[in-house]
Every structure is written in structure tokens, then in C-alpha cells.
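Listed below, chain by chain, are the residues.
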Amino acid sequence: MNIVIVGLSHKTAPVEIREKVAFPPTAMEVPLQQMLSLPSISEAVIVSTCNRVELYAISRQPDAATIEMKQFIADFHGLKLEVLQDHLYDFEGEGAIQHVLRVAASLDSMMIGEPQILGQIKTAYGYACEYKTVGLILNRFLNKAFSVAKRVRTETAIASSAVSVSFAAVELARKIFDSLENKTVMLIGAGEMCELAAKHFVNNGVSKVLVTNRTFSRAEKLAEAFGGVAVNFDNFREQLHRVDIVLSSTGASDYILSAKKLKEVCKERRYKPMFLIDIAVPRDIDPAANKLDSVYLYDVDDLQGVVQANLKGRQKEAAKAELIVNEEVSQFQNWLSSLEVKPTIVALRQQLEQVRQAEMAKTLSSLNKLNDKERKAIESMTCAIVNKILHHPTHILKQTNNGGDGNLYIDAVRTLFDLPDPVEQNTNPNPDKSD
Amino acid sequence: MGTINLLFSTTTLIYLASSILYLVAMVGKQPQAGRVGRWALLVGVVVHASCFAVRHSAAGATPVTSLHESLSFFAWCMVLLFLLLDLRFHLSVMGAFVAPFTFLLMVGSAFSPDIVVPLNPLLKSWLFPVHITFAFLGNAAFALSFGAGVMYLIQNRMLKSKRFTGIYQLLPSLDVLDKVNYTCLSVGFPLMTLGIISGAFWANTAWGSYWRWDPKETWALITWFLYAALLHGRLTIGWRGRRAAIFSIIAFIFLLFTFLGVNLLLGGYHTFEAFATL
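Cut-offs and rules
- Residues numbered from 1 in each chain as written.
- Chains lettered and ligands numbered in written order.
- Predicted model: local features only at pLDDT ≥ 70, side-chain atom pairs only at ≥ 80, totals over all residues.
- Helix = DSSP H or I, 4+ residues; strand = E, 2+ residues; numbered from the N terminus.
- Rg over C-alpha atoms; globule rule 2.2 N^0.38 Å.
- Buried ≥ 20, exposed ≤ 12 C-beta atoms within 10 Å, placed from the backbone.
- Contact = placed C-beta atoms within 7 Å.
- Nonpolar A, V, L, I, M, F, W, Y, C, P; charged D, E, K, R; others polar.
- Arc of directions from axis to C-beta.
- Domains from an automatic or database assignment.
- Pairing = 2+ DSSP bridges.
- Right-handed = clockwise from strand over helix to strand, strands pointing away.
- Core = buried A, V, L, I, M, F, W, Y, C linked by C-beta atoms within 7 Å.
- pLDDT = per-residue confidence, 0-100.
- Axes fitted to C-alpha atoms, helices over the stretch in contact; angles between N-to-C directions.
- Left-handed = near helix turned anticlockwise from the far one by under 90°.

Scanning chain A from terminus to terminus reveals 15 helices and 10 strands. Relative to its length of 435 residues, chain A is extended, with a C-alpha radius of gyration of 33 Å against a globular reference of 22 Å. When its C-alpha atoms are laid out on the principal axes, chain A stretches across 120 × 45 × 35 Å. In chain A, buried positions account for 40% of the 435 residues. For chain A, long-range pairs separated by at least 24 residues make up 73% of all intrachain contacts whose partners lie at least 6 apart in sequence.

Contacts between chain A and chain B engage 16 residues on the former and 14 residues on the latter. At the level of secondary structure, the elements contributing two or more residues to the side of chain A that touches chain B comprise α8 (165-177) and α12 (300-366) of chain A. Looking at the side of chain A that touches chain B element by element, the count peaks at 4 residues for α8(A). Grouping the amino acids of the side of chain A that touches chain B by side-chain chemistry returns 7 nonpolar, 3 polar and 6 charged.

In this section: helix α11 (residues 259-268) of chain A. Residues and elements named next belong to chain A. Of all the residues in α11, the buried ones are Leu262, Val265 and Cys266. Summarising the axial view, the buried residues of α11 lie within an arc of 100°, below the 170-degree limit, and thus occupy one face. Looking at the buried side of α11, the elements it contacts are β9 (274-278) and β10 (295-299). Positive phi shows up at Arg270, right after α11, with a value of about 55°.

The next point concerns the domain arrangement of chain B. Size of an interface, as often reported, equals the accessible area lost when the parts are brought together. Residues and elements named next belong to chain B. When the domains of chain B are assigned, the result is domain 1 (1-66 + 73-112) and domain 2 (123-278). Measuring from the centre of the C-alpha atoms in domain 1 to the corresponding centre in domain 2 gives 20 Å. Across the boundary between the two partners, domain 1 contributes 19 residues, which contact 23 residues of domain 2. When contributions to the side of domain 1 that touches domain 2 are tallied by element, the ones reaching two or more residues are α3 (67-89) and α4 (92-111). Take the side of domain 1 that touches domain 2: its biggest share by element is 8 residues, from α3.

Let us look at the pairing of β9(A). Residues and elements named next belong to chain A. Across the 5 residues of β9, 5 count as buried, placing the element largely inside the fold. Of the two faces of β9, the one holding Met274, Leu276 and Asp278 and the one holding Phe275 and Ile277 are both buried throughout. Examined bridge by bridge, strand β8 (residues 245-248) and β9 share 4 bridges and lie parallel to one another. For Val246, the partnering residue across the bridge sits in β9 and is Leu276. For the handedness criterion, the β-α-β arrangement of β8, α11 and β9 is classed as right-handed. Across 5 bridges, the pairing between β9 and β10 is parallel. Residue pairing across strands places Leu276 opposite Leu297, the latter belonging to β10.

What follows is about the domain arrangement of chain A. If you check the domain split of chain A, you get domain 1 (2-160), domain 2 (165-303) and domain 3 (338-420). A C-alpha centroid distance of 40 Å is found between domain 1 of chain A and domain 3 of chain A.

The next thing to look at is unusual backbone geometry. We note that Arg270(A) has phi near 55°; this positive angle belongs to a residue other than glycine. Within the element layout of this structure, Arg270(A) appears in the loop between α11 and β9.

Quick look at the nonpolar core now. In terms of nonpolar packing, the biggest core is built from 125 residues, with Leu187(A), Leu247(A), Leu276(A), Met78(B), Ala140(B) and Leu144(B) touching the most fellow members. Setting aside residues up to four positions removed in sequence, Met78(B) forms contacts with Val98(B), Thr102(B), Ala140(B), Ala143(B) and Leu144(B). Grouped together as the second largest cluster of nonpolar side chains are 62 residues, Met1(A), Val21(A), Phe72(A) and Leu336(A) included.

Put simply, chain A has an average pLDDT of 86, and 95% of its residues get 70 or more. When the criterion is pLDDT under 50, residues 423-435 of chain A qualifies, and its contacts beyond four places in sequence or with other chains add up to 27 contacts.

Residue and element names in this part refer to chain B. One way to put it is that helix α7 (residues 174-207) packs onto helix α8 (residues 215-237) with a least axis distance of 10 Å and a crossing angle of 145°. Seen from above, α7 lies across α8 with left-handed handedness. On α8, the residues touching Tyr182, Leu185, Ser186, Phe189, Met192 and Ile196 of α7 are Ala220, Trp224, Tyr227, Leu230, Leu231 and Arg234. Residues belonging to the contact of α7 with α8 are distributed by class as follows: 10 nonpolar, 1 polar and 1 charged.

What follows concerns the sheet that holds β9(A). Residue and element names in this part refer to chain A. Taking strand neighbours across the sheet as the criterion, the 6 strands line up as β7-β6-β5-β8-β9-β10 in an open arrangement whose pairing is parallel. Each of the sheet's edge strands pairs with one partner strand only, and the pair in question is β7 (229-232) and β10. Across the sheet, the mean angle from the axis of one strand to that of its neighbour is 20°, orientation sign disregarded.

Now the structure itself:
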């Protein structure tokens, strides 16, 4: 019993390919059911995000399953497999377990540690539950992935620092003001980054927004969007003393705020700290303002620097996270192997018992002079032989329960004794039976 | 005596354990360790108090007559105030500085000559413990404001220079550090004032005059003026942040001299008793 994964991600496929194979989240039933009906798989989950498309399945014949799943992706989207072949990756067994745990823990993300991917996998799992395409193994497996992701999040600092310019600005503001509640932000000029940063500030508790622009109507429009107040560009400087955070991105070719003016503002503010974010290039605020005691001035490069440093920090934390993932991989592999031990032992016993009874019947039919006592003696002798033969193999199989190459022995026993596949009853999709 | 020693060493060990926990919390980024460290400090401050209680009943008077006792009592005041401050501002990072500092005070105390001095009849007045307690609590508050000031300067420097080291994530925000600095100042100043006033009254009952320009008195007055100036600056001119932090650091250096330097270098009647034996 193996976990099989086929997929592609931002690491292997450009967006032109990714968008072609994406599964629309609003219509997951059809693809899930179609996938489940592939001959060599049981259980199916489809994860589809803008950065990755992955199919998770359980199969007894991983090689066949891999081929079928790849073909399924191509067929479903009406593509030729050759187009996708180079972009698709596949994993099975421990490799597959490790892959999914890494993805869920956001170690495989474009931005390491970003939090969305976990939610996306949860959604995918939700669909699979809804359409009853997951069973015992994937159920347990994905819940494991969720808990590992949580563990990584709490035990490492992988997601604790801001890795976008606008979040970095919010974080810096927190280090200056502690809480952003009751703080006032002023937007000078407009610009995508500026607006985004303003949005983050508002989401993080900033209560008052002032907007100014050379074109007053634009200021009004933006102010409306943030529930703020538009200020005339000619006299925005007179409002500065009320402002704690300034976001500036005008197209002005010269400084619109001089250090001298800011010095006056500081005095008027009784030296309450001011956080100035200058996103404009060329810059809007005289860099000398940073020398003022209560002014903290950051330009685009400064913020980028913070982001770069944070990214480096994340990579360090990612190394710790990998250790956690590896530990959990072997744990889950053990559980997976143990799943098959019992049924294998039962099947092996049944097999030998059948042989014994068949041979007994044959032998006894030719020996009709035997009395009951002699019959019983032969009976118990054959039983003893079967038990003796089974004793050691059973012992070994049970031991593999606790780790090591569980699958190897189980597969060997199944092949050598030509045992039937008994695990199907276990893996029939049954999402209610989660543990 | 045995009980006192036992309580004293237990307290010292608890402060050590708390220091280690706070440092683990800071360096290893394990906030749980900091929480345990805080509980340890809480236990420590109680055990420490019982140590003073036992000592008090043994000596029959307030046990702050030797350097040994002074350092130990100062450590106790600091821990007590820090715990109160922590309650309001959640300053487990500061614990990583306060706990080791109090541990060092205890070690310093342990190595100072520990003599329960037969009490000079002059010191026997209810004003003496009042004077001592106010003065020491005030000093402890100023020590904490000094600590907050240093942390403020470090954090401020990182935010200004835009170069961040590991401690950046751990230090509280500038706003909190400034508030801590101010809170300590506004608690410390009245305590110090009461300490000086009660001292003056006590001097009057002992010597018949309120103020005799003894070196300790003079230096205490200088320090008091410094803190008064800082408080005035904060309240009326709007001093805050870096300027206030630097000022509180300078004032604390004066305070340290008043507290220790005067006794060790200048003499005067505050060096009574055990100090004279140093």
C-alpha cells in the first residue's frame, strides 16, 4: 500500500503550463470521481493552487498508478501528455510522504513559510471528504500533514518575520509604536505599493487615514476607500503634526518634505515618534530627517533590506523545519507499514491452512484403516508443522511493525506465497472513519 | 543563624535558576522558559522576604546595617518592582537582565562581611526602617528605569541604523520601553523624596537637626535634583525617547555613586556600623 503523488509546481512548470492544468475549485466533484475510477488507485485528493497542481492517491501498484494519473491530468484538460511530461514530478512511498509534509509546512513554497498553502490543502481535503474520495490512509495522512505544519509553525520561527515590503513597514511601526490603534496615517500621493501598505496599516488597527494628492479628486477617491479624510496638497504640511505614520510616493522630482520642516513638526508634536515611509523614487523626504531624534525614516531600499534579512532568517528556520518533517515521515511510514502486517499474517495463515487441509484430505482418503486416535495424531502433527514454519516469519513481520523496511518483507511474503490483496476493505473510501 | 543562611542561599539559587530560564527564553527563543523564570522570581522574592523576617527577629531591628544586608535588600526591592512592572508591561526580555543582576547582587552580598551588628541606639527608631525602605525601593525603581533606558537606546539605534541583530525581535517596542522608563521614574521619584524626608525627620530625632550636609545627604540631593529635572522635562517640555533614556542613565550613575561610592569613598555618618569595618 503506497501513497502516490503526481503533480507540477512553480519549481517545475511556468505559469503558462500551470494555468492550463489547474482544476477549478468550484467543480471538483467530476475530476475527483474520475480520478478515483482509475484502475490502480483507491482514494483521491486533488490540490490545485496558482502555484501547484498535485494529485494524491493510494495504490498497490505505484508505477501503474503514476502513469494513469499523469495521463489523467493530460486527458482531463485536453492536453497531450508530451506537453506536460517534462514538468510533472512523481513520488511514492516515503518520498511522497515527505513531499506532502514539506508542502503543507510551506517548505516547498515560492515564499518559504507563507501561510496560504496549508489552507489550500485543507480546502482540497474538504472537497475530497465531501465527495467521499478519501479513505482511511489519506484521511490519516492529511491530518498528519496538518499537524506537522502546525508543529513547524510553533516550533520554528519560519513565519514570524515579514517578507513583503508592506508587512515589513507594519512590523517596523509596531516596534516603534507598539500598538497601531489610535494612530494616524497620512498617504501622500498614490501608488500601488503605497495603497497596499496603507491597507495593511488599516487592517492592523490604524484608526485614522489622511490622504493628499496633487489632484484633489484622486485624494478624495482614495480617502473614501479607506474611510479617511482628503487633505489639500497645498497645505498638507499643516496637518503633519497630527500624523504618526507617513506613506509617501509622489512623482515629485525634488523633496516635498525637508528636514527643516520636519524638525518644526517634531517640536509641535512634542517629540512623539514619527514613522516616515518614503516609497517614491526619486525620494520625497529629505534623508537627513532620519537624524532627527523622534523621526524614523525608511526608504524603499531600507525596507527591501529588512525583507531580505527576514528571508535569510526564514531559510535558517527552514533547515530546522526539515528535521521535524523527516522525523514525522518515518513515524508515518511506520504506521503505514503496520497497517498491512496483520492482514498479511492472517492471509499467510489462511493460505497454509488451506494447503494443510487439502493435503490432509488427500492423504486420509487413501488411508482408511486409521482409527480416530491416529487421525487426530496426524491432524495435530500437520498443525504443528504449519505453526513451526510460520513461527519465525510471523515474528519477523510483527517486528517490522516498529520500523525499518516494513513494506519490503510484506511485499516479499505476498509475492512468495502469492497472497491475495486483503487490504481493500481497509481503504475503501470512508471519510467518516477518521481517527 | 543557620536558618538565615539556608534561606539566603536558597534565594540566591532561585535567582540563579530564574536567570538561566530568562536567558534560555531570550537566546533560545523559548517564551515558556521566561514564564517559568517569572514564577521562580516570584518564589524567590517570597523566600527572600522570609529571610529578612527571620533576620529581623534575630537582630531585633531592621536588618539593613551592613553592606551584606544592603545589597541583599536592594536585590529584593528590584525583584519586587520588576515583578510588578512585568505584570503591566510583559517584559520577559528585561527579566534576562534583571534576574542575573539580582543574582550578582546576592553573590556580592554573600561575599561582603556578614555581621549582625549590635545596633547603635541611634538607629533604633521606627523612622529608620521607613527611611531605608523608601530609599531602597526608590533606588530599585531607578535601576529599572536605567535598564529600560539602555534597552531603549539599543532598540532605537537598530531602528535608526536599519541594521537589526537577533535581539531586535526580542526587545519590546520603543513605546513600551519609554513607558517603562517613565513609570519607573514616576514611581521612583516620590519614593526617593519620601526616603529623603523620612531620613531628615529621623536625623532630627537622632541628632536634633534635619540636615547636616553629610556627603551622602549632599549627593542624594544632587541626584534628587537630576531626577526632578528629568521628571519636569518629561511632564512639561515633552522630553521622551532617546533624550529621556540618556538622562535616566546619567542620573542613575549619580545614584550609584550616592548609594555605594559615598560610603566607600567619602565617609560620613551614613557609614556607621558595619561599613566602618570594611
